Amino acid sequence: MPYSDSSPVPRTVKDLDPDDQPREKAEKHGCSTLSVPDLWAIILRTGLPGKPITELCRDLMRENGGKLHQLERRTRKELRNIKGIGLTKSIQIEAVMELMRRYSAEEPIHEQQISSSEMIYQRMRYKIGNLDHEEVWILLLNRRNQVIREVCLSTGTSTASLFDVKAAIKHAILENAEGVILTHNHPSGGTVPSESDNKITRELKQACDYMRIKMLDHLIVTANGYYSYHDNSRL
């Protein structure tokens, strides 16, 4: 007769019906659709024998009047008095609460509005102006011309770099960008555009126009100066 283990096994999120799995709900519909106990279930993960983590987390919030503010005031000892909350889970709860406090204390980031080629240059000159190889970057902007993300599209040699217009547009679409600025450096220190520079400018401008995304500029950046396609009326 084979050996059998009759001891109960802790219930995890995976043991639940898929429709009741918080992680599955989050994957399909986003974390904003989850209840507070479901969010805790994703973080704490494992429950007790006969008591899945979702039930444990409902008990956790019930013990605290359903309020995160009340839960925040619990000491580690008080948390461990709740059935199913041991040392590890109590520390996890403390860590989340500390993240919430630090998030609330942060000052919102107010990106400066890009209004000139000089502002682009000052932003990028120390990043790529003095490199010994070419790099192509794209700045993605919101409707207020504030940078929401910077992306390095390619890294090349001392004389050339590859440019994929499809990758540039993909990043813009993923970030819901309203505008883009293309920048790349010339390790030689010269700011005169090459035919290759002109070609990638035309390609990106055509792709942006088709997707109804504004292309504000293409800057060639060096340690000592820059060239702006916008300032030279070439966009």
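Right above here is the structure, for reference.
Now for a description of the structure that goes with this document. (Residues numbered from 1 in each chain as written. Predicted model: local features only at pLDDT ≥ 70, side-chain atom pairs only at ≥ 80, totals over all residues. Heavy atoms only, no water.)

1. Regarding the overall build of the protein chain
- Across its full length, the protein chain carries 9 helices and 7 strands.
- Buried residues in the protein chain amount to 37% of all 235 residues.
- Carbon and sulfur atoms make up 50% of the accessible area of the protein chain, which amounts to about 14800 Å² in all. (Helix = DSSP H or I, 4+ residues; strand = E, 2+ residues; numbered from the N terminus. Buried < 20%, exposed > 50% of the residue type's maximum accessible area, 1.4 Å probe, protein only. Areas by Shrake-Rupley, 256 points an atom, 1.4 Å probe, with all protein chains shown as cover.)

2. Some remarks on the environment of Asn185
- Residue placement: Asn185 occurs in strand E5 (residues 179-185).
- Given a relative accessible area of 0%, Asn185 falls into the buried group.
- Asn185 sits 35 residues away from Ile220 along the chain, and the two C-alpha atoms are 5.4 Å apart.
- Non-local contacts of Asn185, meaning those with residues more than four positions away in its chain, are made with Ile128, Leu131, His133, Glu134, Glu135 and Val221.
- A polar atom in the side chain of Asn185 sits 3.2 Å from the backbone oxygen of Ile128.
- Of note is the side chain of Asn185, whose polar atom sits 2.8 Å from the backbone oxygen of His133. (Contact = heavy atoms within 4.5 Å. Polar contact = N/O pair within 3.5 Å; in protein donor to acceptor, adjacent residues only side chain to side chain.)

3. Topic: the pairing of strand E4 (residues 147-155)
- Two strands pair when backbone bridges link them, and strand E3 (residues 135-141) and E4 are joined in this way by 7 bridges, in the antiparallel orientation. Bridge pairing in E4 places Ile138 opposite Val151.
- Between E3 and E4, which follow one another and run antiparallel, lie 5 residues, and Asn145 among them has a positive phi close to 60 degrees. (Pairing = 2+ DSSP bridges.)

4. Concerning helix H3 (residues 53-62)
- Of the positions making up H3, those classed as buried are Ile53, Thr54, Leu56, Cys57, Leu60 and Met61. Angularly, the buried residues of H3 cover 160 degrees about the axis, an arc narrow enough to put them on a single face. (Arc of directions from axis to C-beta.)

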